[in-house]
Amino acid sequence: MAGAAPDFDAVVIGAGFSGIAMLKSLRDKLGLKVKVYEAGDTVGGTWYWNRYPGARCDSDSYIYCFTWDRQLLQDWEWTERYPEQPEILSYLEHVARRHDLKRDMQFNTRVTGAEFDEGANLWRVHTDKGDSVTARFLITAVGTLSATNIPPFKGLEQFKGKWYHTSQFPKTGVDFTAKRVAVVGTGATAVQAIPEIAQQAKHLTVFQRTANYCVPARNGKVDPDLVKARKADYDNIVKRIRESFFGQEHYFIPKSALEVPDEEREREFDRMWDAGGFAFWLANYQDMFFDQRANELCADYIRRKIRRTVKDPAVAEKLIPKGYYYGTKRQPLDTNYYETFNKDNVLLVDAATDGPIEEITGKGIRAGGKEYEFDIIVFATGFDAMTGPLKALNLRGRGGRKLEEQWADGPHTYLGIAVAGFPNLFTITGPQSPSVLTNMPVAIEQHVEWITECIDAMRKSGKTSIEATPDAQDQWVAHVNEVVSQTLMPSANSWYMGANIPGKPRTFLPYLGPEGVGGYRKKCDEIAAKGYEGFALA
Ligand code: N01
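Residues numbered from 1 in each chain as written. Predicted model: local features only at pLDDT ≥ 70, side-chain atom pairs only at ≥ 80, totals over all residues. Heavy atoms only, no water.

Colleague: So, the overall build of the protein: which residues are in play, and what are the values?
Modeller: Across its full length, the protein holds 18 helices and 20 strands. For 538 residues, the compact-globule formula gives about 24 Å, and the C-alpha radius of gyration of the protein, at 23 Å, lands near that figure. By principal-axis analysis of the C-alpha atoms, the protein measures approximately 70 × 60 × 45 Å. For the protein, contacts bridging at least 24 residues in sequence account for 72% of all contacts bridging at least 6. As displayed, the protein offers around 21600 Å² of accessible surface, 49% of which is attributable to carbon and sulfur atoms. Placing the 66 positive and 70 negative side-chain charges of the protein at their respective mean positions leaves the two points 3 Å apart. (Helix = DSSP H or I, 4+ residues; strand = E, 2+ residues; numbered from the N terminus. Rg over C-alpha atoms; globule rule 2.2 N^0.38 Å. Contact = heavy atoms within 4.5 Å. Areas by Shrake-Rupley, 256 points an atom, 1.4 Å probe, with all protein chains shown as cover. Lys, Arg positive; Asp, Glu negative; His and termini not counted. Charge placed at Lys NZ, Arg CZ, Asp CG, Glu CD.)

In structure tokens:
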């Protein structure tokens, strides 16, 4: 159906990594008329909002960037092994300027709703600035960890000091000098922020609900010879990360942790530990995610490290994770995290042993019957991951059906990129795609390329509508659940399972396909080659 001519060929929601890449691709490759709406006052997405002390990417900088700008891969010089938030933000600003992208972006504008007009075969998109525009395609580039979770603690409104969530930190920063500070949460964000805040604050109290298995990041300057070698080898690096499991240069050891002699395994563990970063998590023995006994060997190694690092044995015991398998929650990378608990100005309040948070009071936090007084509380309490940002968009598909209603019992997607009943909607790094289990730019670029090729193929064949079929969607959801059920992942109370948000359906949110993002790419390409199998085109 041709339908009425829309204002735009595509509206893209969000100007982070995904929105930038999507605009560039549709506008400059296909010549489409595209509009990007962004709630922040400039590009950046995640890296615009998360300005907490110590905010840094946990992927190595040489692969945490766009690969479609090969010249920029040569020209851009990252300062350290892991890029810091301000540096990523300036990188994205640079990309936006270099490709003249801002002229098609509207900042300080939040999309408040969009509905599919079946008669006209287009999306009507509305914003908080009063815009109401139409587009043939609607593409969400809203990120996966962008719906802030501030738990509904009793009494928060009475707190007389200042409080912040890590993903809504003031642009001007927060001065912790001479302040009594609380950090609530011990996830990847808190693990980065706690050592930094502890250096400034007069006193820091950390409220831990679940202890985490942290491994060292080992950040620092990268050897200039290695930087040079990587630049010379970028074509191969890009090929490797695109075909890899996690979008990183990490590969499992093709052996069981149980079959090797103890000394060999200990040597391998030491090697991964010394390498730092995600090696211990993503390049460990291949049965670590499947076999409880293999997993226990890894967990035991980390427990020994914690006991060796933390001087007070009682504090060390509190910091030792219990009740879930290593690696089934997102791996935090630490720089002096455990060491921070050796400082005189740092106190750990553990929900299991000291008592959980009961309420926020005028002066601070009451936990386990005791009131702790603070000038500042930092909530590092995470996000309503993956589905949260999409549900917040108030999307209505065929028959006015709301996305949040359709997903009441968890997400239902086809490939994590499309939703039955929502024609011409594409969800970049949506739930049930590899997404958060990868080095994000790799997953983002794969979706951006696939969407671009799909729209191009539609134009060439005179089609104006594409929609996942309910059957294909059901099969995909069943497949996503089937593959993850063979691993230890569903056993954890992780945000991957939606377990951090009270009332959220318990379901594994990303896709842990048998060959990771590389295998998923092949699958998506096969589907395209078969004339978009599982989609209805008109
Ligand atoms: O959030 P989290 P995050 N009462 O949900 C606790 C990415 N990231 O912002 O574990 C008390 O992991 C909660 O406790 P529990 C990365 O993918 C990337 O740290 O649910 N405590 C937990 O300790 C990461 O996984 C980078 O029991 C409560 C913490 O708050 C994701 O962002 C850097 C509570 C939340 O941890 C989210 O990490 C940093 C309550 N009611 C983060 N509710 C990069 O490298 C929650 N908690 C790019």
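Colleague: Give a detailed account of the pattern of salt bridges, specifying residues and quantitative values.
Modeller: With the rule as written, the count across this model stands at 38 salt bridges. Of the charged contacts, one joins Arg81 and Asp60 as a salt bridge, the two residues approaching to 3.1 Å between their closest N and O atoms. With Arg81 in the loop between helix H3 (70-75) and helix H4 (85-98) and Asp60 in the loop between helix H2 (46-49) and H3, this pair connects stretches of sequence that are 21 residues apart. A residue is classified by how much of its surface remains accessible, and Arg81, at 17% relative accessible area, is buried. Its relative accessible area of 13% is what places Asp60 among the buried residues. Taking the shortest distance from any N to any O, the salt bridge between Glu449 and Arg521 comes out at 3.4 Å. Note that Glu449 is positioned in helix H16 (residues 440-460) and Arg521 in helix H18 (residues 516-529), a separation of 72 residues in sequence. Through salt bridges with shared partners, a single network forms among Lys24, Arg27, Asp28, Asp100, Arg103 and Asp104. (Salt bridge = Lys/Arg side-chain N within 4 Å of Asp/Glu carboxyl O. Buried < 20%, exposed > 50% of the residue type's maximum accessible area, 1.4 Å probe, protein only.)

Colleague: Can you explain unusual backbone geometry? Please cite residues and give values.
Modeller: Its identity as a non-glycine residue notwithstanding, Arg218 has a phi of 60°, on the positive side. With respect to the secondary-structure elements, Arg218 resides in the loop between strand S10 (215-216) and helix H6 (224-232). Its identity is not glycine, yet Leu415 carries a phi of approximately 65°, on the positive side. In this fold, Leu415 is placed in the loop between helix H15 (403-406) and strand S18 (425-427).

Colleague: Provide a residue-level description of the pairing of strand S4 (residues 111-117), including the pertinent values.
Modeller: Looking at chain direction, S4 and strand S5 (residues 122-127) are connected through 6 bridges and run antiparallel. By the bridge assignment, Ala114 is partnered in S5 with Val125. Two elements, S4 and strand S17 (residues 395-396), share 2 bridges in a ladder whose sense is parallel. Bridge pairing in S17 places Glu115 opposite Arg396. (Pairing = 2+ DSSP bridges.)

Colleague: Describe the site of the ligand, with residues and values.
Modeller: Among the 23 residues in the neighbourhood of the ligand, the closest are listed as Asp58, Thr186, Thr189, Thr210 and Trp495. In the environment of the ligand, an oxygen atom lies 3.5 Å from a nitrogen or oxygen atom belonging to the backbone of Gly187. Within the side chain of Thr189, one N or O atom sits 2.6 Å away from an oxygen atom of the ligand. A total of 910 Å² of accessible area belongs to the ligand in isolation, and the protein chains cover 88% of it. Its residues assigned to classes, the shell around the ligand comprises 10 nonpolar, 8 polar and 5 charged. (Near = heavy atom within 4 Å. Polar contact = N/O pair within 3.5 Å; in protein donor to acceptor, adjacent residues only side chain to side chain. Nonpolar A, V, L, I, M, F, W, Y, C, P; charged D, E, K, R; others polar.)

Colleague: So what's going on with the packing of H16 against H18? Which residues, and what values?
Modeller: Contact geometry for H16 and H18: axes closest at 11 Å, N-to-C directions at 5°. Of the possible angle classes, the one that applies to H16 and H18 is roughly parallel. For the pair H16 and H18, the contacting residues are Val442, Ala443, Gln446, His447, Glu449 and Trp450 in the first and Val517, Tyr520, Arg521, Cys524, Asp525 and Ala528 in the second. Residues that form the contact of H16 with H18 fall into these classes: 7 nonpolar, 2 polar and 3 charged. (Axes fitted to C-alpha atoms, helices over the stretch in contact; angles between N-to-C directions. Parallel < 35°, antiparallel > 145°, perpendicular 65-115°, else oblique.)

Colleague: Before we move on, can you summarise the environment of Pro431 with the specific residues and values?
Modeller: In this structure, Pro431 sits in the loop between S18 and H16. In this structure Pro431 comes out as buried when scored by relative accessible area, which is 1%. Placed 14 residues apart in sequence, Pro431 and Ile417 show a C-alpha to C-alpha distance of 8.0 Å. Apart from the residues within four sequence positions on either side, Pro431 is in contact with Met386, Thr387, Leu390, Trp407, Pro411, Thr413, Gly416 and Leu509.

Colleague: For the confidence of the model for the protein, give the residues involved together with the corresponding values.
Modeller: The predicted model of the protein has a mean per-residue pLDDT of 97, with 99% of residues at 70 or higher. Overall fold confidence for the complex sits at a pTM of 0.98, while the interface term, ipTM, reaches 0.99. (pLDDT = per-residue confidence, 0-100.)

Colleague: So what's going on with the packing of aromatic side chains? Residues and values would help.
Modeller: For the structure shown, the criterion picks out 43 aromatic pairs. Arranged with centres 5.5 Å apart and planes meeting at 25°, the rings of Phe280 and Tyr301 form a pair that is stacked. With Phe280 in helix H9 (residues 279-282) and Tyr301 in helix H10 (residues 292-309), the pair connects residues that are 21 residues apart, well separated along the chain. Relative accessible area serves as the criterion here: at 1%, Phe280 is assigned to the buried category. The side chain of Lys33 reaches across the aromatic face of Phe8, ending 5.2 Å from its centre. Over the aromatic face of Tyr62 sits the side chain of Arg230, whose NZ or CZ is 3.6 Å from the ring centroid. (Phe/Tyr/Trp six-rings, centres within 6.5 Å; stacked < 30°, edge-to-face > 60°. Lys NZ or Arg CZ within 6 Å of the ring centre and 35° of its normal.)

Colleague: An account of the sheet that holds strand S9 (residues 203-208) is needed here, citing residue identities and associated values.
Modeller: With parallel pairing, the 5 strands of this open sheet are ordered in space as S7-S16-S8-S9-S12. This sheet does not close on itself; its edge strands, each paired only once, are strand S7 (162-165) and strand S12 (346-350). In this sheet, adjacent strand axes meet at a mean angle of 15° when their direction is disregarded. In the sheet, S9 pairs with S12 via 5 bridges, with the strands oriented parallel. Its bridge partner lying in S12, Thr205 is registered against Leu347.

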